[in-house]
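Topology and contacts: notes
Chain by chain, the residues:
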Amino acid sequence: NASGSISELLAVHRAGGSDFDSVAVGAMWTRLRRLARREPAWVRSPRAAAALRPVCDQTRVMLSGLCARTVANMLHALATM
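Let us look at the structure shown here. (Residues numbered from 1 in each chain as written. Predicted model: local features only at pLDDT ≥ 70, side-chain atom pairs only at ≥ 80, totals over all residues. Heavy atoms only, no water.)

Things to note about the overall build of the protein
When you go through the protein residue by residue, the secondary structure sums to five helices and zero strands. In the protein, the order of α-helices and β-strands from amino to carboxyl end is α-α-α-α-α. At 12 Å, the protein has a C-alpha radius of gyration in line with the 12 Å of a compact globule built from 81 residues. When the backbone C-alpha atoms are referred to their principal axes, the protein occupies close to 30 × 25 × 25 Å. When the 81 residues of the protein are sorted by exposure, 37% land in the buried category. Look at the contacts in the protein between residues 6 or more apart in sequence, and 71% of them connect residues 24 or more apart. Summed over all atoms, the accessible surface of the protein reaches about 4,900 Å², with 57% contributed by carbon and sulfur. (Helix = DSSP H or I, 4+ residues; strand = E, 2+ residues; numbered from the N terminus. Rg over C-alpha atoms; globule rule 2.2 N^0.38 Å. Buried < 20%, exposed > 50% of the residue type's maximum accessible area, 1.4 Å probe, protein only. Contact = heavy atoms within 4.5 Å. Areas by Shrake-Rupley, 256 points an atom, 1.4 Å probe, with all protein chains shown as cover.)

Here's what the structure looks like:
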């Protein structure tokens, strides 16, 4: 996906995130990290936690089925946002 902002990426997730597989979820977190570097004010904003909640909830549900590499990439993304 070539989403150019965090808001656009989250809109993609809202539209079709329920169909995301483990690869898509891992890519979502990697893309979020890259976009967060360009949008640090968004990450620190009060709306960020609520906006990320659906992605976090889906990741939590899928966590036991994710491979180690996907989990590592996701944790790296979260740690460096």
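Still to come is the rest of the account.
With respect to the nonpolar core
I6, L10, M28, W29, L32, W42 and V55 are the most contacted members of the largest nonpolar core, which totals 16 residues. Those elements giving two or more residues to this core turn out to be α1 (6–16), α2 (22–38), α4 (47–62) and α5 (68–79). If we ignore the near neighbours within four places in the chain, the residues touching V55 are L10, H13, M28, W29 and L32. (Core = buried A, V, L, I, M, F, W, Y, C linked by side-chain atoms within 4.5 Å.)

Comments concerning the pattern of salt bridges
For the coordinates displayed, the defined rule picks out two salt bridges. One salt bridge connects D57 with R53, and the closest N-O pair in it is separated by 3.9 Å. Within this pair, D57 and its partner R53 are both found in helix α4, separated by four residues, close to a single helical turn. By relative accessible area, which is 28% here, D57 ends up partly exposed. In the salt-bridge network here, residues are joined through shared partners; they are R53, D57 and R60. (Salt bridge = Lys/Arg side-chain N within 4 Å of Asp/Glu carboxyl O.)

Here we look at the environment of A72
Following the sequence through the fold, A72 ends up in helix α5. Residue class for A72 comes out partly exposed when judged on its relative accessible area of 44%. Considering only alpha carbons, one finds A72 and W29, 43 residues apart in sequence, at a separation of 11 Å.

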